[in-house]
Amino acid sequence: QIPTLSLLYATGRLRPVATSPLHAPSASLNSRIGLIRNDITKLSLQNGAIVNAANRRLLGGGGVDGAIHRAAGSDLVKECRTLGGCETGQAKITDAYRLPCKKVIHAVGPVYGASGEDSEALLTSCYRTSLRLAVEHNLDTVAFSAISTGIYGYPSQKAARTAIKTVREFLDTDAGKKLSLVVFVNFEMKDVNAYNEIIPEYFPPV
Ligand code: AR6
C-alpha cells in the first residue's frame, strides 16, 4: 500500500520535477487527489464510484474488468446488457451490486495506436466523461483504474500524464469543485512510478 500523496508531500518524499510548475501550488487541490496501489474492487467508497477499464460491449472481460465483474456478482452484467454497449472514449454508469462502492463507471479506453484513432483524445475523453458522470450522479469520490494501460497497450507514462492533466483541469472547473476526492488506483509498479513522477507537475507541493 502506498501512502497518500498528501502524506508523501508532508514527509518531503515527493518533490516537484518541474522547476516552474505548470499550475500554481494549491493545498486544497492537493488534498483532493490521491494515489494508491491496490485492487480497485477492495475500495470502500460510501458515496463514490470506481472506474472500470471496459470494452465496447460492456459485458466484462479480462484485467480489471474481469475483477470488477467477479466481485460485483452477476447482477452487474445483467444491468450492463441493458446499456447497448459504449463507444470508445465514452463511459456509462451502473450500480455496484456486491462491491463496497456506490456506483461503477465503465469507461472504454482506446487500443493504443489503433489506426485512424487519436489515442490521446480518446483517453482524455474517457477521464472527462467519467468525472462528469460522477458529478451528475452527486457522487463525491472517483477512483480510477489506469485505463488502457494493460491489454490495450497504452504506455504508462503517456497514459498517466493524460489522466493527471485531465483530472487537474476538471477539478479546476465549477463541476469539479463538487468532487472531494479523485484517487488513481494502480496495480503495477510501472504505473506507480509514472504517477509519482508526473503528479507533482500538475499538483505541485505547496
Ligand atoms: N485493480 C486495479 N487495477 C487493476 C486490477 C485490479 N483488480 N487488475 C488489473 N489492473 P486492463 P485495458 C490494472 O488490461 O488496458 C479487458 O479485457 C492493470 O495493471 O484491465 O483498458 C476489458 O474487457 C492496468 O494498469 O484494461 C477490455 O477488453 C489497468 O488495470 C480490455 O481488457 C488496465 O488494464 C481493456 O484493456
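Look above for the structure.
These numbers come from a predicted model, not from an experiment.

Examining unusual backbone geometry
Moving on, step 1. Even without glycine at this site, Leu 58 takes up a positive phi of about 60°.
Moving on, step 2. Tracing the sequence through the fold places Leu 58 in the loop between β2 (45-54) and α3 (63-72).
Moving on, step 3. Unusually for a residue other than glycine, Asn 138 sits at a positive phi of about 60°.
Moving on, step 4. In this fold, Asn 138 is placed in the loop between α5 (119-136) and β5 (141-145).

Quick word on the nonpolar core
Moving on, step 1. Phe 144, Ile 164, Val 167, Leu 179, Phe 184, Tyr 195 and Phe 203 are the most contacted members of the largest nonpolar core, which has 37 residues in total.
Moving on, step 2. Apart from the residues within four sequence positions on either side, Phe 144 is in contact with Ile 40, Val 51, Tyr 127, Ser 130, Leu 131, Val 167, Val 182, Val 183, Phe 184 and Val 185.
Moving on, step 3. The next biggest cluster of nonpolar side chains, apart from the first, holds 16 residues, and it includes Ala 72, Leu 76, Val 104 and Ala 143.

Let's talk about the packing of aromatic side chains
Moving on, step 1. The tally for this structure, following the rule as stated, stands at three aromatic pairs.
Moving on, step 2. Ring geometry for Phe 184 versus Tyr 195: centroids 4.9 Å apart, planes at 45°, classification tilted. Residue Phe 184 is found in strand β6 (residues 181-186), and its partner Tyr 195 is found in helix α7 (residues 189-202); the two are separated by 11 residues along the sequence. Neither Phe 184 nor Tyr 195 differs from the other in exposure class; each is buried.
Moving on, step 3. In this structure, Arg 168 packs its charged tip against the face of Phe 203, placed 5.8 Å from the ring centre.

Let's talk about the pattern of salt bridges
Moving on, step 1. Per the counting criterion, the structure on display carries seven salt bridges.
Moving on, step 2. In this structure, Lys 103 engages Asp 95 in a salt bridge whose closest nitrogen and oxygen atoms are separated by 2.7 Å.
Moving on, step 3. Residue class for Asp 95 comes out partly exposed when judged on its relative accessible area of 33%.
Moving on, step 4. The salt bridge involving Arg 128 is made with Glu 169; its shortest N-O contact spans 4.0 Å. In this pair, Arg 128 is assigned in helix α5 and Glu 169 in helix α6 (residues 156-171), connecting sequence segments 41 residues apart.
Moving on, step 5. Of the residues examined, Glu 169 reaches a relative accessible area of 33% and is grouped as partly exposed.
Moving on, step 6. It is possible to trace a salt-bridge network through shared partners that takes in Arg 128, Lys 165 and Glu 169.

Criteria and cut-off values
Residues numbered from 1 in each chain as written. Predicted model: local features only at pLDDT ≥ 70, side-chain atom pairs only at ≥ 80, totals over all residues. Heavy atoms only, no water. Helix = DSSP H or I, 4+ residues; strand = E, 2+ residues; numbered from the N terminus. Core = buried A, V, L, I, M, F, W, Y, C linked by side-chain atoms within 4.5 Å. Buried < 20%, exposed > 50% of the residue type's maximum accessible area, 1.4 Å probe, protein only. Contact = heavy atoms within 4.5 Å. Phe/Tyr/Trp six-rings, centres within 6.5 Å; stacked < 30°, edge-to-face > 60°. Lys NZ or Arg CZ within 6 Å of the ring centre and 35° of its normal. Salt bridge = Lys/Arg side-chain N within 4 Å of Asp/Glu carboxyl O.

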